[in-house]
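Architecture and fold: a report
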Amino acid sequence: MAQEDTNVIDQPEVLRHKMVTIEISGKKYEVPEGITVIKALWHTGQEVVRGAGCLGGFCGACATYYRTKDDPKVRTCLACQMAVEDGMSFTIMPPFPARKALYDIQSLKDPKQDLFNLYPEAPLCRNCNACTEACPQKIDVREGVWKAVFGDFKSVSEMFMDCVMCGMCTPVCIADIAPNLVALYVSRAQGAHFTEKPQGLEIRIKEIQDGRFNDEWNKVLAMNEQELADHCATVK
Amino acid sequence: MDIHALQQIVHQTRDARRKQTIPKFSPADRDQLIHKYHPDYRTSAYRPIRFGPNANDKTVVELAALLEGDSSIADNIDLAPHYTTDVLVVGGGGAGCAAALHAHGTGAKVILATKLRLGDSNSVMAQGGMQISVAPEDSPVTHFLDTLKGGHMQNDHELLKVMVEDGPSIAKWLIELGVLFDRQADGNLHVKKGGGSSKPRLLTCSDYTGLEIMRVLKDEVLNQKIQLLEFCAAVELLSDDHGHCTGAIFKDLDNHRHVVVAAKSVILATGGIGRLHIQGFPTSNHYGATGDGLCLSYRMGAKLDHIDTFQYHPSGAVYPEQLIGALVTEGIRSEGGHLVNANGERFVNELDTRDVVSSSIIRECEEGRGIRTMSGRVGVWLDTPLLDAEHGPGTVEKHFPAMMMQFERFGIDISKDPVLIYPTLHYQNGGVKIDANSETNVKNLFVAGEASGGLHGRNRLMGNSLLDLMVFGKRSGLTAASRAGSMPQGKLTLQHLQRFRAEAKKHGSPSGVISPMILPAYTRKEPERTVNG
């Protein structure tokens, strides 16, 4: 047991349960230090319906603006992935009315040209870099917009694989671009039009259609419970 | 002790461990381990359900209470429909989107209702990948056998055969919609090996597989202009004189009004139950994972299957506090990450099935070989830096950008330091019993995805959930849509609820529990008056 006692991680924040003062949408509250922003909302008795989704940093529902003590810089975070600290001030971003273009991805004839019809504002980027600074996923959004415009769809699709569609890049854009939506279109076009069709997949689909595995299926499905268990054990 | 000091043993023993091979358990040892340590076998956590289609079957107490719970809907509510549709899909995750898109594709009128936003789901968090037998040395039959073995031979054979055989055409559909799966140099799909699988079979989009699929499916639902009812929580189903399903009642969470939808068929794609925190476990699940579909179907007379078994994912974060319960993807172990106890020893083959690995972690911790945190949690190390040592610097960052970022936000570099993990409540293995078209024993009531049961047996294999969602989402959507043309809209009544209430009354005093739960009660009711120094 003595050994067990040495295997304890120090967590001063847990030992000395400290309360900090934070501001939620302009109103002061006391909450335990180090809890997440979303838990701070619950702690202060607020019902959360809009503003919470996966709680794992993937869905972008909890996009939040925050500022730390005495710092004029307003930053962005995902509320489920950010710990509160003393003097912090935050507000959850309301849904932003960005325009999403509608398209049938499969029937596009010239996806790189179509970008300018679907999102005519995309080439109007004025290089202010606010979108990149606003991205809680640390994507170089501005670079992505330019690459999209110049037709480098492959790079855009790779850069935006981390995008959780929180939309924080959109309200800051002085050219009214919704970079996440542009990137989503570009990534889908890259996948649907500019990526090689996997031959092995076509072969497997045909094999299944042609009944290549039927004999094996018949054998397996005719087995009794014990035979099947024994057979499973042989699969390595 | 300082966390870095405790981590040293992992660094010190790394080279020695790399030379070690840990054999998988024999079937007998594996059964013994699971029976002793897996939470599914903690009998005190279970009780029989008192009435309904699964009367006397045992399940966890948290779920039993909800299944027996009463509806929030009064018998005399006005059932004049606000909306009428051919197919009503409840749930906006992977199964819901797949169902809506396929039903819409046949020309049927579709409404998709979800209690949060379109896409807010567990699907979006799936990191490990999607199992589809595309490799030449693999086959649907091998996929079938691996899954059966992982499910303790309890899987429904018909559902399973359908899933593994539909898999490749699902991959094709997703690729045509623009999903960017990882590729090999020759353009073929890259496959990774997952726990419990004999062949590499996981299709991945780095560690964002679920997010990538959901970004595309959500976008497609919007492009197809499928009618959405967001922030609308299903609170009751509707039935006709024959007991067939004919629609649902929702509560609009913005204005608290009831919304009645008449539908020829209803597809419940409402997901799992992690937010019930069964046995006090933290969870990897999304905010809305409260088992709503189970309660709604159960009141309607649908039979549940394997409702006593849950998946505790081996690697939920234990430290830092803010990430408790969050998932550390199994992909780390797929690429060779070791599980290491406080003595610096490995104790399980890391690629064994999830139930085996979780049980062994619980064993290590219960026998005093875990690492504890001051908040009273315990865990073992997952040696993430090993991946850089094994495959070259930058491997962790390149293959697991989502994980890197999640821990980086709290000042932890998982490519340099191991992470502390313990099993987290991850998945509901069972659910509403369905047939190969995803229909329940209640006519015109379909259930797809995690809310359904039978396919995975008593333990779901890694990567089979994303495929389940797509295959049974599609099948339910196509079957429901195909009926719409030849079927009139049935009457809207609450006869099933009256029957259920009568039965509940026979079984004693009401518990006062209202189900479905809709959202977990995390909001603190009583503010603290004093500040602890």
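Residues numbered from 1 in each chain as written. Chains lettered and ligands numbered in written order. Predicted model: local features only at pLDDT ≥ 70, side-chain atom pairs only at ≥ 80, totals over all residues.

1. Looking at the overall build of chain B
The line we're drawing: A run of H or I in DSSP becomes a helix once it reaches four residues, and a run of E becomes a strand once it reaches two; helices and strands are each numbered from the N terminus. Note on method: radius of gyration uses C-alpha positions; expected globular size equals 2.2 Å times residues raised to 0.38. Partly exposed residues are those whose C-beta has more than 12 but fewer than 20 other C-beta atoms within 10 Å; with 20 or more the residue is buried, with 12 or fewer it is exposed, and the C-beta atoms are placed from the backbone. Each residue is represented by a C-beta atom placed from its backbone, and any two residues with such atoms within 7 Å are regarded as in contact.
Helix and strand counts for chain B stand at 15 helices and 20 strands. In summary, chain B has a C-alpha radius of gyration of 23 Å against a globular reference of 24 Å for 533 residues, a match within 12%. Principal-axis analysis of the C-alpha atoms places the extent of chain B at approximately 70 × 60 × 45 Å. Per-residue burial for chain B yields a buried fraction of 60% across its 533 residues. Contacts in chain B between residues at least 24 apart in sequence constitute 74% of all its contacts with a sequence separation of at least 6.

2. A look at the overall build of chain A
When its secondary structure is counted, chain A shows 11 helices and 6 strands. On the principal axes, the C-alpha backbone points of chain A span a range of 70 × 65 × 35 Å. The long-range fraction of contacts in chain A, counting pairs at least 24 apart against all pairs at least 6 apart in sequence, stands at 58%.

3. Quick notes on the domain arrangement of chain A
Here is the rule: Note: domain ranges come from an automatic or database domain assignment.
When cut into domains, chain A gives domain 1 (2-92), domain 2 (105-193) and domain 3 (199-234). Computed over C-alpha atoms, the centres of domain 1 of chain A and domain 3 of chain A are 51 Å apart.

4. Some thoughts on the nonpolar core
Formally: By definition, a nonpolar core groups buried Ala, Val, Leu, Ile, Met, Phe, Trp, Tyr and Cys residues that connect through C-beta atoms lying within 7 Å of each other.
Counting residues in each nonpolar core, the largest one holds 218 residues, and the members touching the most others are Val-182 of chain A together with Val-87, Val-266 and Ile-267 of chain B. For this core, the leading source of residues is helix α14 (residues 464-484) of chain B, giving 9 residues. In contact with Val-87 of chain B, other than residues within four places in its own chain, are Ala-103, Ala-108, Val-110, Ala-263, Ser-265, Ile-267, Gly-477, Ala-480, Ala-481 and Ala-484 of chain B.

5. Section: the sheet that holds strand β7 (residues 202-203) of chain B
Quick reminder of the rule: Pairing between two strands is assigned when DSSP locates at least 2 bridges connecting them.
Strand order across the open sheet formed by 3 strands is β5-β7-β6 (chain B), with antiparallel pairing between neighbours. The sheet is open, and its two borders are formed by β5 (130-131) and β6 (191-192) of chain B, each paired with just one other strand.

6. Observations concerning the packing of helix α6 (residues 157-177) of chain B against α14 of chain B
Residues and elements named next belong to chain B. Going by this rule: For every element, the axis is a line fit to its C-alpha atoms; helices are fit only across the contacting stretch, and the angle between N-to-C directions ranges from 0 to 180 degrees. Throughout this description, any angle smaller than 35 degrees is read as roughly parallel, any larger than 145 degrees as roughly antiparallel, any in the 65 to 115 degree range as roughly perpendicular, and the remainder as oblique. By the convention adopted, Pro, Cys, Tyr, Trp, Phe, Met, Ile, Leu, Val and Ala count as nonpolar, Lys, Arg, Asp and Glu as charged, and the other residues, Gly among them, as polar.
Interaxial distance between α6 and α14 falls to 9 Å at its minimum, and their mutual angle equals 85°. The orientation of α6 relative to α14 falls into the category roughly perpendicular. Contacts between α6 and α14 involve Val-162, Met-163, Asp-166, Gly-167 and Ile-170 on the former and, on the latter, Leu-467, Asp-468, Met-470 and Val-471. Residues that form the contact of α6 with α14 fall into these classes: 6 nonpolar, 1 polar and 2 charged.

7. Notes on the sheet that holds strand β20 (residues 452-453) of chain B
Residues and elements named next belong to chain B. One open sheet accounts for 3 strands, arranged β12-β18-β20; its pairing is mixed. Each of the sheet's edge strands pairs with one partner strand only, and the pair in question is β12 (304-305) and β20. Examined bridge by bridge, strand β18 (residues 431-433) and β20 share 2 bridges and lie parallel to one another. Bridge assignment links Val-432 to a residue of β20, and that residue is Ser-452. Those strands touched by helix α8 (residues 292-300) are β12 and β18, and its axis lies near 35° from that of β18.

8. Structural notes on the environment of Gln-224 of chain B
Along the chain, Gln-224 of chain B turns up in the loop between α7 (209-223) and β8 (227-230). With 120 residues separating them along the chain, Gln-224 of chain B and His-104 of chain B place their C-alpha atoms 8.0 Å apart.

9. Let's talk about the interface of chain B and chain A
Contacts between the two partners involve 76 residues from chain B and, on the opposite side, 72 residues from chain A. For the side of chain B that touches chain A, the secondary structure elements donating two or more residues are α1 (3-18), α5 (140-150), α6, α7, β15 (371-373) and α13 (401-408) of chain B. When residues of the side of chain B that touches chain A are assigned to their parent elements, the largest contribution, 9 residues, is made by α6 of chain B. Considered class by class, the residues forming the side of chain B that touches chain A number 40 nonpolar, 21 polar and 15 charged. Pairing of strand β1 (residues 8-9) of chain A with β15 of chain B, which is carried by 2 bridges, proceeds in the parallel orientation. If you follow Val-8 of chain A over to β15 of chain B, its bridge partner there is Arg-372 of chain B.

10. Quick notes on the confidence of the model for chain B
This is how the line gets drawn: Note on scores: pLDDT gives the predictor's confidence for each residue, bounded by 0 and 100.
For chain B, per-residue confidence averages 95 on the pLDDT scale, and residues scoring 70 or more make up 99% of the total. Both confidence scores are given for the complex: pTM 0.95, ipTM 0.95.

11. Examining the domain arrangement of chain B
All names here are of chain B. Domain annotation for chain B reports domain 1 (3-37 + 311-425) and domain 2 (83-309 + 429-495). Between the C-alpha centres of domain 1 and domain 2 the distance comes to 30 Å. Of all the secondary structure elements, the ones that give two or more residues to the side of domain 1 that touches domain 2 are β13 (310-317), α9 (331-334), α10 (354-366), α13 and β17 (419-428). Tallying contributions element by element places β13 first for the side of domain 1 that touches domain 2, with 4 residues. Its residues assigned to classes, the side of domain 1 that touches domain 2 shows 11 nonpolar, 10 polar and 5 charged.

12. Some thoughts on helix α4 (residues 94-105) of chain B
Residue and element names in this part refer to chain B. Applicable threshold: Expected helix span is computed as 1.5 Å times (number of residues minus one).
For α4, spanning 12 residues, the distance from its first C-alpha to its last is 16 Å, which sits close to the expected 16 Å at 1.5 Å a residue. Summarising burial for α4: 11 of the 12 residues are buried, a large majority. Positive backbone phi, approximately 100°, marks Gly-107, located one or two places after α4.

13. Observations concerning the environment of Gln-131 of chain B
Residues and elements named next belong to chain B. With respect to the element layout, Gln-131 can be found in strand β5. The class of Gln-131 is buried, set by 31 C-beta atoms lying within 10 Å. Distance in space between the C-alpha atoms of Gln-131 and Glu-397 is 23 Å, their sequence separation being 266 residues. If sequence neighbours within four positions are ignored, Gln-131 has contacts with His-143, Gly-194, Ser-197, Arg-201, Leu-202, Leu-461, Gly-463, Asn-464 and Leu-467.

14. Some details on the pairing of strand β4 (residues 110-114) of chain B
All names here are of chain B. Filter applied, for reference: Whether a crossover is right-handed comes down to one check: with the strands pointing away from the viewer, does the path from the first strand over the helix to the second run clockwise; if it does, it is right-handed.
Among the 5 residues of β4, 5 are classified as buried, and the element is accordingly described as predominantly covered. Because side chains alternate across β4, one face comprises the buried residues Val-110, Leu-112 and Thr-114, and the other comprises Ile-111 and Ala-113, equally buried. In this region the chain leaves strand β3 (residues 83-90), passes through α4 and returns to the parallel neighbour β4; the handedness of that crossover is right-handed. By the bridge criterion, 4 bridges tie β4 to β8 in an arrangement that is parallel. Considered in β8, the bridge of Ile-111 is made with Gln-227.

15. Overview of unusual backbone geometry
All names here are of chain B. A cis amide bond links Tyr-319 with the next residue in sequence, Pro-320, at an omega value of 0°. Within the secondary structure layout, Pro-320 lies in the loop between β13 and α9. The omega torsion of the bond from Ser-515 to Pro-516 falls at 0°, within 30 degrees of zero and hence cis. Looking at the element boundaries, Pro-516 is found in the segment after α15 (495-506). Positive phi outside glycine occurs at Asn-56, with the angle close to 75°. Relative to the elements of secondary structure, Asn-56 occurs in the loop between β1 (46-48) and β2 (58-60).

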